Each structure stands twice: as structure tokens, then as C-alpha cells.
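Coordinates in review
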Amino acid sequence: MFAAENGLRGDPRLKGISEAIRVVPNFPKPGIMFQDITAVVSNHKVFKDIVDIFVDRYRDRASLWSGSKRIYICSAIALAIGAKFIPLRKPGKLPGEVISELYELEYGNDCLEMHLGAVQRGRRALVIDDIVATGGTLSAAIRLLERAGAEVVECACVIGLRGRVISVAKRKFILELLN
Amino acid sequence: MFQDITTLLLDPKVFKDTIDLFVERYKSKNISVVAGVEARGFIFGPPIALAIGAKFVPLRKPKKLPGKVFRQEYDLEYGSDCLEMHVGAVAPGERALVVDDLIATGGTLCAAMDLLERAGAEVLECACVIEIPALKGRERLNGKPTVDSAYESRKFMVKRLLIEYISSIFLLYLSMMRRSLVLC
């Protein structure tokens, strides 16, 4: 679901978030319109608004664990809601034993890894990412957490791309819908 | 021996304590930029930035940041690497803090400081959770004195009294010099 359709329609914070997102054409490859989230975190007020919106939504959900691939915003949200933070990373970054999940990107293939034993069976988890396009990365994140026995409650993203078929089956909460 | 901070992140209270210690130290230093080094600097940097009212600027490996970037090469323990920062992310005269999880040889932190200074910022300090003293990283940070502390346990519990004591001693050094604050 999109934030504007879920009680946040007209919320001035969403306008600020939208205006802060920078679009860079032809990056990383020709034809790709890159949604640059760094402009968002370099604006303190907008960054705080994003965290506040997610914290308002998830604060009362006890025992939430959060996993994230892109981690500018995730650790701040985990900290604010008192959740454990589990980084989901590209291969070779996490030391020790990991579980891996291959997935397709909008433009290629990739692999996501999570520490073995990071999640306890039966725990509830939240997945956070800055942008959802096809949902491939989110699907891989969900599979990793479910393979470890967690229950994924929701996927929270700052940006969703309009017109894309989002394959993620789980509930989604997206702040901003962009073309 | 890889120092893995992910276990710290699995304990919300310890993670919060770590961030709170940095925030207490930096909140009244008029810092407007917190620059985090990819990738584990992205875990500690953003919460610190949010809490002290600063913007967060990621310093990334090559070709990750779109648009125009500053680029700084540096030597690693085992080879060389490169760090990039967006042109325009930082304005001349801004006061900056560099955040990373760990200081080893100091090469990455030096590159981070160079990037910020090329953009005209004043780097107040480098803040790290872990130090590997044997690699003498602090000595590369212009040889200035550094602040250190002890841990009570492997869960990175910091002795607050020791931090406060050391902070008061080195207060004189803080104004115009480079130094690093290392929590363990």
C-alpha cells in the first residue's frame, strides 16, 4: 500500500520527501533513471520525517526485527523502534556462516546474504529498503528471513516506481510513488 | 581477525548506548555534516546525524554515487582502494564528523578527511567504535593525540566515566586539530 492511500494523504512530509529525491539519468547504465536517495539523507528534516513516519507505523509492534539491504535509513529506524538490526549484504561482506539467496535485478542478477543464526525462529521481521522497482531484492530478503524461520510482517520502502509489476507477495508500505 | 560489529546491532540497548555516547560528545559541537564510510559507517552515521541535527553524507566505493563526485585513492593494509563523495554534498566552512565502525591503518579515514577538506569542510574528529592499536591507525591522522576508552565486555559496553575524564583532558586539543575518538 502507498502511504498517501493509508492515512497520510496530504501529509506535508510526503511532499518534502518527494522534492528531496534526486533523479539521475543514465546511471548506472544508459536508459536507467536512477532514484538517488542520498539527497534525502543529506536533508536533515526530510530524513527525520521519513524515520518518524516509519517509527509511527511500527513502534507498537513488539519484537520486530528489521533487515535491510540499503542501510542509510534502516539502522535509524531499528534504533527508534527498539528492534534488532540485521544487515542483508552482497556476497563476501558478512564474516562467518551465512545463508545466501540469488535473485534477479531490474538490470542483471545479484545475491543477498544474511548471517546464519541472526534471526530466531518465529520472530517477526520488517524489511526496509530505500526503493522498490520489480520487488526482486525485497523478495530475496523475504526468502532469506523465512528460510531462517522468521515471519515477515511488512516491507517498508521510501520509493516505489509507478507502473512496475511488484512481485513481492507480502504487504508493502511505500512512502512515495514515482514515475 | 575480523572485528564483527553485527553482534552489537543484535542488542538494541547496546546499539543505542553506542549511538548515545557519540551523540553526547558531538551534539553541542555545531557539526552540520556527518560523513559515513561505506559500508559499516552507514550503520552508525545516520542515527548520529539525525540526533545531532546534521546531514548525513555517504562516502562510497567507486561508481556507486550518481552524478559528479570527488574521488580520493588510498592505500589499504592489502592493496589500494578509492572513496567518492558527491560534489555539492558539503559546503565550504561546514563542520564535519567522519564515522566508521573501525580504525585499522587509518588509510580509509585519511581519505575520508581529504574528501571533506577538498570540499572546504573542517573535519573536527573521526569517530569509530573499534580500534586495532597494533596497526597504529591514529598516527596517520596527522599524528595528533587521540581519545581512547576501555570496554567492560565484548558487547562493547563503554565506561562513561573514563570517556568523560579523557574528554576533559583533551578538551584543549579539540578546537583546531584532527584527532579520533575510538570507543574500543
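Residues numbered from 1 in each chain as written. Chains lettered and ligands numbered in written order. Predicted model: local features only at pLDDT ≥ 70, side-chain atom pairs only at ≥ 80, totals over all residues. Heavy atoms only, no water.

Description of the overall build of chain A
Regarding its fold elements, chain A presents 5 helices and 9 strands. In sequence order, chain A lays out its α and β elements as α-β-β-α-α-β-α-β-β-β-β-α-β-β. Within chain A, contacts between residues separated by at least 24 positions form 59% of all contacts whose residues are at least 6 apart in sequence. Summing over all exposed atoms, chain A offers an accessible surface of approximately 7800 Å²; the carbon and sulfur share of this is 50%. (Helix = DSSP H or I, 4+ residues; strand = E, 2+ residues; numbered from the N terminus. Contact = heavy atoms within 4.5 Å. Areas by Shrake-Rupley, 256 points an atom, 1.4 Å probe, with all protein chains shown as cover.)

Considerations on the interface of chain B and chain A
Buried accessible area, meaning the area lost when the parts come together, often serves as the stated size of an interface. Between chain B and chain A, the residue contacts involve 29 residues of the former and 31 residues of the latter. Overall, the association of chain B and chain A removes approximately 2400 Å² of surface from exposure, summing both partners, and the carbon and sulfur fraction of that is 71%. The largest share of the area that chain B buries against chain A comes from Leu 10, Leu 50 and Pro 66 of chain B, three residues that together contribute 26% of it. At the junction of chain B and chain A, the tally comes to 7 residue pairs in polar contact (both at pLDDT 80 or more). Counting residues per element, the ones that place at least two in the side of chain B that touches chain A are helix H1 (6-9), helix H2 (12-26), helix H3 (41-52) and strand E2 (55-59) of chain B. When residues in the side of chain B that touches chain A are grouped by element, the largest group, 6 residues, is from H3 of chain B. Of the residues contributing to the side of chain B that touches chain A, the split by class is 18 nonpolar, 4 polar and 7 charged. (Buried area = accessible area lost by both parts, 1.4 Å probe. Polar contact = N/O pair within 3.5 Å; in protein donor to acceptor, adjacent residues only side chain to side chain. Nonpolar A, V, L, I, M, F, W, Y, C, P; charged D, E, K, R; others polar.)

Focus: the packing of helix H3 (residues 44-58) of chain A against H3 of chain B
Between H3 of chain A and H3 of chain B, whose axes approach to 10 Å, the crossing angle comes to 110 degrees. What the angle tells us is that H3 of chain A and H3 of chain B run roughly perpendicular. Between H3 of chain A, through His 44, Phe 47, Lys 48 and Val 51 of chain A, and H3 of chain B, the contact on the second element is made entirely by Pro 46, Ala 49 and Leu 50 of chain B. Here the contact of H3 of chain A with H3 of chain B is built from residues that sort into 5 nonpolar, 1 polar and 1 charged. (Axes fitted to C-alpha atoms, helices over the stretch in contact; angles between N-to-C directions. Parallel < 35°, antiparallel > 145°, perpendicular 65-115°, else oblique.)

Topic: the pattern of salt bridges
This model, assessed by the stated rule, comprises 21 salt bridges over all chains. As a salt-bridge pair, Asp 49 of chain A and Lys 45 of chain A come within 2.7 Å of each other at their nearest N and O atoms. With Asp 49 of chain A and Lys 45 of chain A both in helix H3 and 4 residues apart, this pair spans about one turn of that helix. Owing to a relative accessible area of 55%, Lys 45 of chain A belongs among the exposed residues under this scheme. Here Arg 95 of chain B ties to Glu 122 of chain B by a salt bridge, and the two come within 3.7 Å at their closest N and O atoms. With a gap of 27 residues between them, Arg 95 of chain B in strand E5 (residues 95-103) and Glu 122 of chain B in strand E6 (residues 122-131) connect regions that are remote in the sequence. By sharing partners, the salt bridges in this structure join Glu 101, Arg 143 and Arg 147 of chain A into a single network. (Salt bridge = Lys/Arg side-chain N within 4 Å of Asp/Glu carboxyl O. Buried < 20%, exposed > 50% of the residue type's maximum accessible area, 1.4 Å probe, protein only.)

Things to note about the packing of aromatic side chains
Within a pair of aromatic rings, the relevant descriptors are the distance that separates the centres and the angle that separates the planes. Counted by the stated rule, this structure contains 6 aromatic pairs over all chains. Measuring from ring centre to ring centre gives 6.4 Å for Phe 54 of chain A and Tyr 58 of chain A, while their planes differ by 20 degrees; the resulting arrangement is stacked. Placement of the pair is Phe 54 of chain A and Tyr 58 of chain A together in helix H3, with a separation of 4 residues, close to one helical turn. Plain terms: the ring middles of Tyr 72 of chain A and Phe 42 of chain B are 5.0 Å apart, the flat faces sit at 70 degrees to each other, and that makes the pair edge-to-face. Linking Tyr 72 of chain A in the loop between strand E3 (64-68) and helix H4 (74-81) with Phe 42 of chain B in helix H3, this pair reaches from one chain into another. On the basis of relative accessible area, Tyr 72 of chain A is assigned to the buried category, the value being 8%. Here a set of aromatic residues connected by ring pairs shows up, and it is made of Tyr 72 of chain A together with Phe 42 and Phe 56 of chain B. (Phe/Tyr/Trp six-rings, centres within 6.5 Å; stacked < 30°, edge-to-face > 60°.)

What about the side chain of Lys 55 of chain B?
Mapping Lys 55 of chain B onto the fold places it in strand E2. Those residues within four positions of Lys 55 of chain B in sequence are excluded, and the remaining contacts are Val 41, Ser 42 and Asn 43 of chain A together with Ser 32, Val 33, Val 34, Ala 49, Ala 89, Val 90 and Glu 94 of chain B.

A short note on the pairing of strand E7 (residues 124-132) of chain A
Residues and elements named next belong to chain A. For E7, a buried count of 8 out of 9 residues is recorded, marking the element as mostly surrounded by other parts of the structure. Both E7 and strand E8 (residues 151-161) contribute to a ladder of 8 bridges, which runs parallel. When the sheet's bridge partners are listed, Leu 126 is paired in E8 with Glu 154. (Pairing = 2+ DSSP bridges.)

Considerations on helix H4 (residues 107-118) of chain B
Residues and elements named next belong to chain B. Here H4 is 12 residues long and its end C-alpha atoms lie 16 Å apart, about the 16 Å a rise of 1.5 Å per residue gives. For H4, the complete set of buried residues consists of Gly 107, Thr 108, Leu 109, Cys 110, Ala 111, Ala 112, Met 113, Leu 115 and Leu 116. Among the structural elements, strand E1 (33-37), E2, strand E3 (69-76), strand E4 (79-86), E5 and E6 are those in contact with the buried residues of H4. Positive phi appears at Gly 120, one or two residues downstream of H4, with a value of about 95 degrees. (Expected span 1.5 Å × (residues − 1).)

Things to note about the environment of Lys 90 of chain A
All names here are of chain A. Tracing the chain through its elements places Lys 90 in the loop between strand E4 (84-87) and strand E5 (98-105). Put simply, Lys 90 and Met 33 are 57 residues apart on the chain and 23 Å apart in space, counted from C-alpha to C-alpha. A polar side-chain atom of Lys 90 sits 3.4 Å from a polar atom in the side chain of Asp 110.

Topic: the packing of H4 of chain A against H3 of chain B
Where H4 of chain A meets H3 of chain B, the closest approach of the two axes is 7 Å, and the angle between their N-to-C directions is 65 degrees. Crossing handedness for the pair H4 of chain A and H3 of chain B: right-handed. In this structure, H4 of chain A uses Ser 75, Ala 76 and Leu 79 of chain A to contact H3 of chain B, whose residues at the interface are Phe 42, Ile 43, Pro 47 and Leu 50 of chain B. (Left-handed = near helix turned anticlockwise from the far one by under 90°.)

Regarding unusual backbone geometry
For the bond running from Glu 38 of chain B to Ala 39 of chain B, omega is -5 degrees, close enough to zero to count as cis. With respect to the secondary-structure elements, Ala 39 of chain B resides in the loop between E1 and H3. With a phi angle near 60 degrees, Asn 26 of chain A is a residue other than glycine that sits in the positive phi range. Counting through the fold element by element, Asn 26 of chain A comes out in the loop between strand E1 (22-25) and strand E2 (33-36). The backbone of Lys 63 of chain B sits at a positive phi, close to 70 degrees, despite the residue not being glycine. Within the secondary structure layout, Lys 63 of chain B lies in the loop between E2 and E3. Taking relative accessible area as the criterion, Lys 63 of chain B reaches 71% and is therefore assigned exposed.

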